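If you want the building blocks of each chain, they are given just below.
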Amino acid sequence: MNRLVASVALMLGAISVAPLQAAEVPEAARLLPSTSLFYAEVNQPPAVVDVVLEHPVTKKLWAMDVVQAALDSNPGWNRFQRGLEALENRVGAEWPEIVEAISGGGMSFAIEPSTQGAVLLVRAKDEAMLKKTHDALLELVRFAQQLQGRGPEIKESEYRSIPVWKAGEARWAIAGPWLIVTNKDGLGELVLDQHLDGDRRTLADDEVFQQAASGRLTQPGAWSYVRLDVFRALGIMGAITKRQTDNPAAELIAGGVLEALKTADYATASLAVAKEHIKLDVTIPHRGLPESPRTGFYFAPQGEPSAAPLLEPEGTILSASVYRDVEKFWISASELFGDNVMAKFSEAESTLSLFFSGRDFATEVLPDFEPRMRVVVAQCPAVEGQPQPAIRLPGGAVVIDLKEGHQLKSTLTRAFQSFVGIANLQAIQQGNPQLDMATTRGGDTTTVSATFAEEYLENNPGAVPVQYNFRPTIIVGPRHVVFSSDKHLAETLMSMASKAPSDNTVNAEMKVEPANLAVALDNNRESLIAENMLEKGHSREQAATEVGLAIELLQMLEQVSARLNNESDKLQLQVEWAYAP
Amino acid sequence: MDPRWAWQPWEPSAEQPWDRRAAAHLMRRAGFGASCQQLDEIVALGHSAAIERLVDQSLDANAASQIDRETDQLGEVIVSLGQTERLSGWWLLKMHGTGRPLLEKTTLFWHGHFATSAAKVTEASMMHTQYQLLQSHAFGKFEPLVQRMSRDPAMLIYLDSTQNRKTHPNENYARELLELFCLGPGNYTEADIQELARSFTGWEVLRGQFHFRAYMHDEGEKSILGRRGRFGGEEAVRVILDSPACLRFLAGKLAKYFVADEPRLSEPVIDALAKELRDHDLTIEPVVRTILKSNAFWTSAGRATKIRTPVEFALNWLATLEASTDFMRLAEACESLGQRPFYPPNVKGWDGGRIWIDSSTLIGRSNLLRRMFQGNQTRILEGRGLGALVDKYDLRRGDDFVNWLDENLLAVPLAANVRDSVLQGIGNRSLSESDLARLAVAVGTLPEMHLS
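Definitions and limits used
- Residues numbered from 1 in each chain as written.
- Chains lettered and ligands numbered in written order.
- Predicted model: local features only at pLDDT ≥ 70, side-chain atom pairs only at ≥ 80, totals over all residues.
- Heavy atoms only, no water.
- Helix = DSSP H or I, 4+ residues; strand = E, 2+ residues; numbered from the N terminus.
- Rg over C-alpha atoms; globule rule 2.2 N^0.38 Å.
- Buried < 20%, exposed > 50% of the residue type's maximum accessible area, 1.4 Å probe, protein only.
- Contact = heavy atoms within 4.5 Å.
- Lys, Arg positive; Asp, Glu negative; His and termini not counted.
- Charge placed at Lys NZ, Arg CZ, Asp CG, Glu CD.
- Areas by Shrake-Rupley, 256 points an atom, 1.4 Å probe, with all protein chains shown as cover.
- Core = buried A, V, L, I, M, F, W, Y, C linked by side-chain atoms within 4.5 Å.
- Salt bridge = Lys/Arg side-chain N within 4 Å of Asp/Glu carboxyl O.
- Axes fitted to C-alpha atoms, helices over the stretch in contact; angles between N-to-C directions.
- Parallel < 35°, antiparallel > 145°, perpendicular 65-115°, else oblique.
- Buried area = accessible area lost by both parts, 1.4 Å probe.
- Polar contact = N/O pair within 3.5 Å; in protein donor to acceptor, adjacent residues only side chain to side chain.
- Nonpolar A, V, L, I, M, F, W, Y, C, P; charged D, E, K, R; others polar.
- Patch = residues over 30% accessible without salt bridge, like charges linked within 9 Å, V, L, I, M, F, W, Y side chains within 5 Å.
- Expected span 1.5 Å × (residues − 1).
- pLDDT = per-residue confidence, 0-100.
- Phe/Tyr/Trp six-rings, centres within 6.5 Å; stacked < 30°, edge-to-face > 60°.
- Pairing = 2+ DSSP bridges.
- Left-handed = near helix turned anticlockwise from the far one by under 90°.
- Disulfide = S-S within 2.5 Å.

All right, on to the overall build of chain B then. On a plain count of helices and strands, chain B comes out with 24 helices and six strands. Relative to the compact-globule value of 22 Å for 452 residues, chain B shows a C-alpha radius of gyration of 23 Å, a close match. In terms of overall dimensions, chain B has C-alpha extents of about 80 × 50 × 45 Å along its principal axes. Going through the 452 residues of chain B one by one, you find that 61% of them count as buried. Counted over contacts in chain B with a minimum sequence separation of 6, partners at least 24 positions apart contribute 73%. Across chain B, the mean location of the 52 positive side-chain charges is 1 Å away from that of the 58 negative side-chain charges.

Shown next as structure tokens:
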């Protein structure tokens, strides 16, 4: 392993030196060895702390009795508060001022493989305050250790006239405005040497890092960078990039991304924190993705439409759209999965062929589907005159684009009827309500919808079972098929489905509307309270408070969205949490 | 023991005073334990009034606590979601917080008597309905309870009796009715089972409901326990309940449940209780009242003469520590110790007694207790911890705390040398949370802790 690490270090060292782009490269990178394979920074820690603490959500949480009670009864929190108070007294400043002074220049963290070390660099705005705070902390820790008679002894030494402290695995030094904390002497010495001499090749000199650093944040937040080629050389990524897996669901969700990780040099992630939102952006630059079974089903061919636009009917809780060529996925399954999974594929193929009028699922059904699929979860309006179940569940639907709807119409509607028939047989066996089915044809669509029979309720007085939330429906049109748990939702989605893809680069997209989710939870407040009482042993009042808080916090979120873009030179995942104004 | 004296009311004496330890005995047997504060209130009430209150609360729907009402609603939610496996946690929560502990304790008795398992009857509504049935008849006459159980869909499904045709009478329910529910082994013949099964022909389950299929009922004459007639199921049940063996069988089971696990009580003593049952026309409430007030219950024949069940073990600790917990996890823990409510092991129910204790369940009980003091699953005194509990009761030193646990939790007082070994290494220093937890676990793992 050590030899491998050394060779990787050599490999990194051999990369040609490019001119320094001073404005774009972080200052801490000038102290870090060029062989660092992971780098992360918080560019303005005081501003981040300020945004978090001044945020309405934090304030709301802070004002909650339940939160205060939990903190008050937590010995760790109480110790922290007493320690903080003592620190403020010794330094003669309040903690926000201390944070601003000692970390205002940013915090950086790096991992360096040749020393097998990790290092944290904190850049102070006020060197004197850094030293004063450090001395006060040291004094407090030593005092606490004396009282409790435990904790590693703090030893003080020097390295090239710079005082260095050690306690257990940790060692740290203050050099100029920098607080340097590491777990390895070797790495600490490299950083201090560079601080004193400035004559070594550093991360800031690394061409790949410079390229990556051009995307660093300017607003408060965090940014990180990882050398994937080095990780691959170290064999760390073998497990996630191996050719065959045993998890088809994971393959469908992340297969293409894993393929990109196999060839990319590096990846970056940034987390921007503002009062209105938190944005996460993960980028994997590439020079064109390799052709493989994974990329074949995962990404649309260059220039062709990718995922369809999101469907957002009224009351949408979650809407997702994805490009996945299931036909290609199915056909190349033997290259993606091991024998156990393939046995299940064969079994599924036989069962599905039965449902789809005896057609071969892989070669006679899947080719009629377009590789675009959308999923919607939404609040469904109660149907007047219909029994209202004790637990109100939202509806869910899947919309799949079709190549030629009329060819599949009968096959799909018959498959749906078979499903309902089997469900009815099971319902009889288990004493559950059965479904009545109705077929309607209008224009170029066929609708088959099923409703739970009301006669069951006449024979079974009491709470209306959860099944009565659903009216399973299939609608087949010329270009789309909708499978839905609710007829109204199915009809709405069919009317919205025909909008064409607008952006060719979107591979997958998802949006969550927390306000509507809060409404769904609010509709089921009783069952959530029940859950809380059972699992936490709370009284009803305590449980109701906790559930109420969770719903309120959800209402403070305006939207959560995620999008995976595949552009010609990069794969980019963007996630945003937007807060209600 | 003199049979007449056994069931006569006990009077406290200097040797056997009515004190906190005695109140704890009552609440262990007639409930699932109580907090120290509750025990002191019970002591102040006087022993006779305390028993009267326990029984009266069981008969009075208005005595239901806030938790009773909340858990009843919770039960409806669980049923409407079809979450059968959550019923166990739900019932533990109800047992823990109920304002009518004797009612829940007696319902648990009937659950073990008419054992039906959700492992087979997976429909939550059926198991919940059976629970409600057992509870509503827990203190009433035995006959309506047996009649209702004979029509209970959960029971019939559990005993594979959903179809019972005159051409092929199903003997399962008939056999268990005689052997396990009413008479006990040796009090009937195989021929009685066959004839009884004929009486129940046509009693079936259709669409999850009891259904009498008249054309499948055998209308012919039957001979059951020496009596002849064209008995239907209802008449046959009456014939069985008229048997003197039923009185002895039921009296024996009630005495075993409330007084002593093993046959410490002689046959004449059980016969005397059976006479009580007969005098009250097989009504349970006056007999339970008699048992709880009796010399048999309060003197040495009834003290520390039972092994705590896993449910009693766990809930007694929670009650004493004024704690709450994750009841679903607690249900799983009780299952690993052999007793998960709604999941009896077979139609005989839980055997109880020494069966509860073996090397594996002893370790399991100890682990359950350790987990109670680790992590944040269990919230002692609203999450304030053991430190707050000892402050509340002003237990300043280790021996105060151990004495307090002894008095509140143990059926037999700790011997001085045992107390010393528990306190070893603690001395008189002020106690940290972990010291208190260590002491509690040390007490909880003593052999004395498993006696009730």
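With that settled, consider the overall build of chain A. A count of helical and extended segments in chain A gives 23 helices and 20 strands. Taken along the three principal axes of its C-alpha coordinates, chain A extends 85 × 60 × 40 Å. Buried residues in chain A amount to 46% of all 581 residues. Working note: accessible area of chain A is about 28,200 Å², and carbon and sulfur atoms make up 55% of it. Charged side chains in chain A number 51 positive and 74 negative. The centres of these two groups are separated by 3 Å.

The subject of this paragraph is the nonpolar core. Ranked by size, the top nonpolar core spans 163 residues in total, and within it B:Phe142, B:Trp317 and B:Phe373 carry the most contacts. No other element matches helix 14 (residues 244–258) of chain B, which puts nine residues into this core. Here B:Phe373 is in contact with B:Trp317, B:Leu321, B:Ile380, B:Leu386, B:Ala437, B:Ala440 and B:Val441, once residues within four sequence places are set aside. Counting residues in hydrophobic clusters, the runner-up holds 52 residues, among them A:Leu37, A:Ala264, A:Tyr298 and A:Leu336.

Evaluation of the coordinates by the stated rule reveals 66 salt bridges over all chains. A salt bridge links A:Asp135 to A:Lys131, with the nearest nitrogen and oxygen atoms 3.3 Å apart. Of this pair, A:Asp135 and A:Lys131 both sit in helix 7 (residues 127–148), four residues apart, roughly one helical turn. Overall, A:Lys131 belongs to the partly exposed group, its relative accessible area being 48%. A salt bridge links B:Asp351 to B:Lys348; the nearest nitrogen and oxygen atoms lie 4.0 Å apart.

Another aspect to go through is the packing of helix 22 (residues 525–536) of chain A against helix 6 (residues 86–97) of chain B. Packing of helix 22 of chain A against helix 6 of chain B brings their axes to within 9 Å, and their N-to-C directions diverge by 70 degrees. What the angle tells us is that helix 22 of chain A and helix 6 of chain B run roughly perpendicular. In this structure, helix 22 of chain A contributes A:Glu531, A:Met533, A:Leu534 and A:Glu535 to the contact, and helix 6 of chain B contributes B:Arg86, B:Gly89, B:Trp90 and B:Leu93.

All right, on to the interface of chain B and chain A then. At the junction of the two partners, chain B supplies 22 residues and chain A supplies 23 residues. Surface buried jointly by chain B and chain A totals about 1,900 Å² across both partners, of which 53% is contributed by carbon and sulfur atoms. When residues of chain B are sorted by the area they lose upon contact with chain A, B:Glu70, B:Ser80 and B:Arg86 head the list and together hold 24% of the total. In this structure, the salt-bridge partner of B:Arg86 is A:Glu535, at a minimum N-O distance of 2.8 Å. Taken together, the connections running from chain B to chain A amount to eight residue pairs in polar contact (both at pLDDT 80 or more). Per-class residue counts for the side of chain B that touches chain A are eight nonpolar, seven polar and seven charged.

Let us look at the side chain of B:Thr98. Residues and elements named next belong to chain B. With respect to the secondary-structure elements, Thr-98 resides in the loop between helix 6 and helix 7 (101–113). Residue classification places Thr-98 among the buried residues on the basis of a relative accessible area of 12%. Only 2.8 Å separates the side chain of Thr-98 from the side chain of Asp-68, close enough to count as a polar contact. When residues no more than four places from it in sequence are discounted, the contact partners of Thr-98 are Ser-65, Ile-67, Asp-68 and Glu-104.

What follows concerns the environment of A:Thr492. Position of A:Thr492 relative to the elements: it lies in helix 20 (residues 487–496). Residue A:Thr492 is classed as partly exposed on the basis of its relative accessible area, which comes to 21%.

Turning our eyes to something else, we now look at a negative patch on the surface. Together, A:Glu94, A:Glu97, A:Asp126 and A:Glu127 line one region of the surface with negative charge. Here A:Glu97 lies in helix 6 (residues 95–103).

Moving on, we come to the environment of A:Met342. Residues and elements named next belong to chain A. Tracing the chain through its elements places Met-342 in helix 16 (residues 339–355). For the pair formed by Met-342 and Asp-246, sequence separation is 96 residues and the distance between their alpha carbons is 9.2 Å. Ignoring any residue separated from it by four or fewer positions in sequence, one finds Met-342 in contact with Ala-333, Ser-334 and Phe-337.

This next bit is on helix 22 of chain A. Residues and elements named next belong to chain A. With 12 residues, helix 22 should cover 16 Å at 1.5 Å per step; its first-to-last C-alpha distance of 16 Å lies within 8% of that length. Residues Ser-527, Ile-529, Ala-530, Asn-532, Met-533 and Leu-534 constitute the buried set of helix 22. Phi for Gly-537, located one or two positions after helix 22, is positive at around 65 degrees.

Before going further, it helps to examine the confidence of the model for chain B. With 99% of its residues at a pLDDT of 70 or more, chain B shows a mean pLDDT of 94. Reported for the predicted complex are a pTM of 0.75 and an ipTM of 0.72.

A few words on the packing of aromatic side chains. Evaluated as defined, the whole model comprises 43 aromatic pairs over all chains. Ring geometry for A:Tyr39 against A:Trp223: centres 6.0 Å apart, planes inclined by 55 degrees, an arrangement best described as tilted. Of this pair, A:Tyr39 sits in strand 1 (residues 38–42) while A:Trp223 sits in strand 8 (residues 221–227), and the two are 184 residues apart along the sequence. Note on accessibility: A:Tyr39 and A:Trp223 belong to one class, buried. When the centroid spacing of 5.0 Å and the interplanar angle of 75 degrees are considered together, the rings of B:Trp90 and B:Tyr131 count as edge-to-face.

The subject of this paragraph is the pairing of strand 14 (residues 435–442) of chain A. All names here are of chain A. Pairing of strand 14 with strand 15 (residues 445–452), which is carried by eight bridges, proceeds in the antiparallel orientation. Paired with Met-437 across the strands is Ala-450, a residue of strand 15. Hairpin remark: strand 14 followed by strand 15, antiparallel, with two residues in the connecting loop; positive phi at Gly-443, about 60 degrees.

A separate point is the pairing of strand 16 (residues 473–476) of chain A. Taken residue by residue, a regular strand's side chains alternate between the two faces of the sheet. Residue and element names in this part refer to chain A. Residues Thr-473 and Ile-475 of strand 16 are buried on one face, and the alternating residues Ile-474 and Val-476, pointing to the opposite face, are buried as well. Of the pairings in the sheet, the one linking strand 15 to strand 16 comprises four bridges and is antiparallel in character. By the bridge assignment for strand 16, Thr-447 is matched with Ile-475. As paired elements, strand 16 and strand 17 (residues 480–484) share four bridges and run antiparallel to each other. Each residue of the ladder has a partner; that of Ile-474, found in strand 17, is Phe-483.

Quick look at the packing of helix 21 (residues 514–523) of chain A against helix 23 (residues 540–556) of chain A now. Residue and element names in this part refer to chain A. It is at 7 Å that the axes of helix 21 and helix 23 come closest, and there the two elements cross at 160 degrees. If you check the angle between helix 21 and helix 23, you find them roughly antiparallel. Crossing hand, helix 21 versus helix 23: left-handed. For the pair helix 21 and helix 23, contact is made by Pro-514, Ala-515, Leu-517, Ala-518, Leu-521 and Asp-522 and by Ile-551, Leu-554 and Gln-555, respectively. Broken down by class, the residue content of the contact of helix 21 with helix 23 amounts to seven nonpolar, one polar and one charged.

Further remarks concern unusual backbone geometry. Residues and elements named next belong to chain B. In this structure, Phe-342 is a non-glycine residue whose phi angle is positive, near 75 degrees. Looking at the element boundaries, Phe-342 is found in the loop between helix 19 (327–336) and helix 20 (359–373). The class for Phe-342 is buried, based on a relative accessible area of 2%. Within the chain, Leu-381 stands out as a residue other than glycine whose phi angle is a positive 45 degrees. With respect to the helices and strands, Leu-381 occurs in the loop between strand 6 (379–380) and helix 21 (385–392). Overall, the relative accessible area of 8% leaves Leu-381 in the buried class.

What follows deals with the side chain of B:Thr201. Along the chain, the position of B:Thr201 falls in the loop between helix 12 (190–199) and strand 1 (203–206). With residues up to four places along the chain from it excluded, the contact list for B:Thr201 reads B:Asn164, B:Arg165, B:Lys166, B:Pro169, B:Phe212, B:Met216, B:His217 and B:Asp218.

Right, let's talk about the state of the cysteines for a bit. Here the structure, examined in full by the defined rule, presents zero disulfides over all chains. Left without a disulfide partner, B:Cys182 is nearest to the cysteine sulfur of B:Cys246, which lies 5.2 Å away.

A separate point is helix 2 (residues 45–54) of chain A. Along helix 2 of chain A, the residues classified as buried are A:Pro45, A:Pro46, A:Val48 and A:Val51. Contacts from the buried residues of helix 2 of chain A go to strand 1, helix 6, strand 2 (107–112), strand 8 and strand 9 (266–273) of chain A.

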